[in-house]
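# Structural description and commentary
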Amino acid sequence: MRSKYEGPGESAFYPWLLLAYPPAHDLVEGPVRQAGPAALCLAAFVALYTLSVALSFRDRHRAAAASLAALVAVTFLLLTRFAEGWFPLATLMTIACGAVIRGRAVYTVLTALTAALVLLMWRTGAGGENISMTVWGAATGGLVVSVVLKLFSVIAELRETREELARAAVAEERLRFSRDLHDLLGHTLSVMVVKAEAVRRLASRDAGAAARQAADIETAGRRALTEVRATVTGYRGRGLAAELASARTALAEAGIAVTVSVPESRMAPEADALLGWAVREGVTNVIRHSGARACEIRLDGAILEIHDDGRGPGGSGDGNGLRGLAERAVALGGTLETSAADGFLLRVTIP
């Protein structure tokens, strides 16, 4: 449930226990009636608050709800029986409510608790200023916690959805590629098989006819090889301009500032495809692995550089994507270099 949750964890809620310092100070100083039972109740309050938050972040919702109910009961016991001025504990109570209760139910619970606090403070003769401050702290404490946790949950869900869409797009592209190869090669290979059978039959009877059939096989094979190369080239990259446009959009959606310094120029299709693939692979690493805030894409002559202020792809070495990109660069007579000295730098040099 919370494997990709990146919001505030349970440890962010424990410093709020400092709100329990005034009651603890009162117990030490001695102005509290029935100090022994009051101290036990205050200890139970702290324990139940900690338990409620911990259980909630461990996705044990029923146990967390039971602990929260006990926390509410102890809170009102403290406020009505032992010390009427310990109203900061009410804010801790509502913070725990925001952490434990999910959905719109939290608004109903917070409204009921706030109304009960107003009634309690009014009956104890508290002034309007004290009532307003306590109600404001209690209500906003629970609401802010609930809204923040919901916001981070939605962000986590959006990231999971984006990753799922990316996986679906890859699967669809693989299906398209296999379909294209089948359409290209299915008929050609069938013809080549038929002609090879004819060569086998004619080899001992008519050498000239067999040679003509073999020549047809060679022609069909060369044509199929050309078609496969064209298809693979189109599959591997869309060209530098198209990949730069996609990179700008993807980086902007990921919240990464991007600077592009690429002059307009004409280059060979193979070089254009390689640089486009380099931009795609580099930007993918920036978005998925680097944790960067800014990225610069620069083309200076025959050198393409993608530089970000993050930590790079990580791991013990280059991933499959970078290894594949290096192989393509070498096949074209170029080189690929990476550096993590200042952020992460990907440099591709073409002939």
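First things first, this report covers the structure right here in the doc. Sequence order sets the numbering: in each chain, residues are counted from 1 along the sequence as written. Residues qualify for local features only when their pLDDT is at least 70, as the model is predicted, and side-chain atom pairs are given and counted only at 80 or more; totals for whole chains, interfaces and linings, by contrast, use all residues. Each side-chain value is derived from all of the structure's non-hydrogen atoms; neither hydrogens nor water enter the calculation.

## Here we look at the pattern of salt bridges
Every case where a carboxyl oxygen of Asp or Glu lies within 4 Å of a side-chain nitrogen of Lys or Arg is listed as a salt bridge. The full count for this structure, using the stated rule, is six salt bridges. Residue Arg298 pairs with Glu305 through a salt bridge whose shortest N-O separation is 2.3 Å. Judged by relative accessible area, which is 30%, Arg298 ranks as partly exposed. Among the residues examined, Glu305 registers a relative accessible area of 13% and is labelled buried. Categorising residues by exposure relies on relative accessible area from a 1.4 Å probe, with only protein chains included: less than 20% of the type maximum marks a residue as buried, more than 50% marks it as exposed, and the intermediate range marks it as partly exposed.

## Brief notes about the nonpolar core
General note: in soluble globular proteins, nonpolar side chains tend to be found buried as a group. To define a nonpolar core, start from buried Ala, Val, Leu, Ile, Met, Phe, Trp, Tyr and Cys residues and group those joined through side-chain atoms within 4.5 Å. Phe13, Tyr49 and Leu89 are the most contacted members of the largest nonpolar core, which totals 43 residues. Looking at this core, the elements with two or more residues in it are helix 2 (35-57), helix 3 (61-82), helix 4 (88-100), helix 5 (105-123) and helix 6 (128-202). When neighbours within four sequence positions are excluded, Phe13 is seen to be in contact with Tyr49, Val53, Phe57, Ile95, Ala99, Val145 and Leu149. Among the nonpolar cores identified, the runner-up in size contains 27 residues, and Leu274, Ala292, Leu304 and Leu346 belong to it. Under the scheme used here, helices are H or I runs from DSSP no shorter than 4 residues and strands are E runs no shorter than 2 residues, and both carry numbers assigned from the N terminus. Contacts are assigned to residue pairs that have any heavy atoms within 4.5 Å of one another.

## A look at the packing of helix 4 against helix 5
Between N-to-C directions, angles span 0 to 180 degrees; the directions come from axes that are lines fitted to C-alpha atoms, helices contributing only their stretch in contact. Following both chains from N to C, one finds helix 4 and helix 5 inclined at 170 degrees, their axes separated by 10 Å at the closest point. In this view, helix 4 runs roughly antiparallel relative to helix 5, as classed from their interaxial angle. For helix 4 against helix 5, the interelement crossing comes out right-handed. Within the contact between the two elements, helix 4 uses Ala90, Met93, Thr94, Cys97 and Gly98 and helix 5 uses Val106, Val109, Leu110, Leu113 and Leu117. Nonpolar residues are Ala, Val, Leu, Ile, Met, Phe, Trp, Tyr, Cys and Pro. Charged residues are Asp, Glu, Lys and Arg, and all others, Gly as well, are polar. Grouping the constituent residues of the contact of helix 4 with helix 5 by class yields eight nonpolar, two polar and no charged. For classification purposes, angles smaller than 35 degrees are called roughly parallel, those larger than 145 roughly antiparallel, those between 65 and 115 roughly perpendicular, and all remaining angles oblique. Crossings are sorted by hand: turned counterclockwise from the far helix by less than a right angle, the near helix makes the crossing left-handed, and turned clockwise it makes it right-handed.

## Let's talk about the sheet that holds strand 3 (residues 303-308)
Sheets are built from strands paired through backbone hydrogen bonds, the pairs being either parallel or antiparallel. Strand pairing follows a simple DSSP-based rule, namely that at least 2 bridges must link the two strands. Spatial strand order, 1-2-3-5-4: five strands in an open sheet with mixed pairing. Because the sheet does not close on itself, it has two edges, and the strands there are strand 1 (257-261) and strand 4 (335-339). Between one strand axis and the next, the sheet turns by 10 degrees as a mean value, whatever way the strands run. Note that strand 2 (residues 294-300) and strand 3 share six bridges and pair antiparallel.

## Observations regarding the packing of aromatic side chains
To pair, rings of Phe, Tyr and Trp, with the six-membered ring standing in for Trp, must have centres within 6.5 Å; the planes then decide the type, stacked if under 30 degrees apart, edge-to-face if over 60, and tilted in the middle. Under the defined criterion, the tally for this structure stands at one aromatic pair. Plain terms: the ring middles of Phe13 and Phe57 are 5.5 Å apart, the flat faces sit at 50 degrees to each other, and that makes the pair tilted. Of the two residues, Phe13 is situated in the segment before helix 1 (21-29) and Phe57 in helix 2; the sequence distance between them amounts to 44 residues. A residue is classified by how much of its surface remains accessible, and Phe13, at 5% relative accessible area, is buried.

## With respect to helix 5
Helices are assigned an expected span. That span is 1.5 Å times one less than the residue count. Its 19 residues give helix 5 an end-to-end C-alpha distance of 27 Å, which sits within 8% of 27 Å, the value for a rise of 1.5 Å per residue. Turning to helix 5, its buried residues number three or more, namely Val106, Leu110, Leu113, Thr114, Leu117, Leu120 and Met121. When helix 5 is viewed along its axis, its buried side chains cluster within an angular range of 125 degrees and face the same direction. Opposite the buried face of helix 5, at more than 90 degrees from it, the exposed residues are Thr108, Thr111, Trp122 and Arg123. Think of the arc as the fan of directions from the helix axis to the C-beta atoms.

## Section: a nonpolar patch on the surface
Nonpolar side chains (Val, Leu, Ile, Met, Phe, Trp, Tyr) within 5 Å and like charges within 9 Å form the patches, drawn only from residues with over 30% relative accessible area and no salt bridge. The method behind every accessible area is Shrake-Rupley, applied with a 1.4 Å probe, and residues are considered shielded solely by the protein chains displayed. The grouping of Tyr107, Leu143 and Val147 at the surface amounts to a nonpolar patch, some 250 Å² of accessible area in total. Inspection of the secondary structure puts Leu143 in helix 6.

## As for the environment of Phe87
Here Phe87 is to be found in the loop between helix 3 and helix 4. The sequence separation of Phe87 and Ile131 amounts to 44 residues, and the corresponding C-alpha distance is 9.4 Å.

## Brief notes about the side chain of Glu281
Tracing the backbone through its elements, the reader meets Glu281 in helix 9 (residues 269-290). Excluding anything up to four places from it in sequence, Glu281 contacts Gly321, Leu322 and Leu325.

## Brief notes about the pairing of strand 2
Here strand 2 shows one buried face, formed by Cys295, Ile297 and Leu299, and one open face, formed by Ala294, Glu296, Arg298 and Asp300. Direction of pairing for strand 1 relative to strand 2: parallel, over a ladder of five bridges. Residue Val260 lies in a different strand from strand 2, and its bridge partner there is Ile297. Hairpin connection, strand 2 to strand 3: the antiparallel pair is bridged by two residues, and Gly301 has positive phi, about 65 degrees.

## Some points on the side chain of Thr114
Within the fold, Thr114 resides in helix 5. Residue classification places Thr114 among the buried positions, given a relative accessible area of 13%. Other than its neighbours up to four places away in sequence, Thr114 contacts Val135 and Ala139.

## Points about helix 8 (residues 240-253)
Helix length check: helix 8, at 14 residues, gives a terminal C-alpha distance of 20 Å against a target of 20 Å (1.5 Å per residue), a fit within 8%. Taken residue by residue, helix 8 has Leu240, Glu243, Leu244, Ala247 and Leu251 as its buried positions. Angular distribution of buried residues about the axis of helix 8 spans 105 degrees; they occupy a single face of the element. In helix 8, the exposed positions that point more than 90 degrees away from the buried face belong to Ala241, Ala252 and Glu253. Directly beyond the C-terminal end of helix 8, a positive phi value near 75 degrees is found at Gly255.

## Quick look at the environment of Glu296
For Glu296, the position within the fold is in strand 2. Spatially, the C-alpha atoms of Glu296 and Ser261 are 7.8 Å apart, while their sequence positions differ by 35 residues. Dropping the residues within four chain positions of it, Glu296 is found in contact with Thr259, Glu305, Ile306 and His307. N or O atoms closer than or at 3.5 Å make up a polar contact, with two conditions inside protein: a donor-capable atom paired with an acceptor-capable one, and, for residues adjacent in sequence, both atoms drawn from side chains. Within polar-contact distance, the side chain of Glu296 engages the side chain of Arg298 at 2.8 Å.

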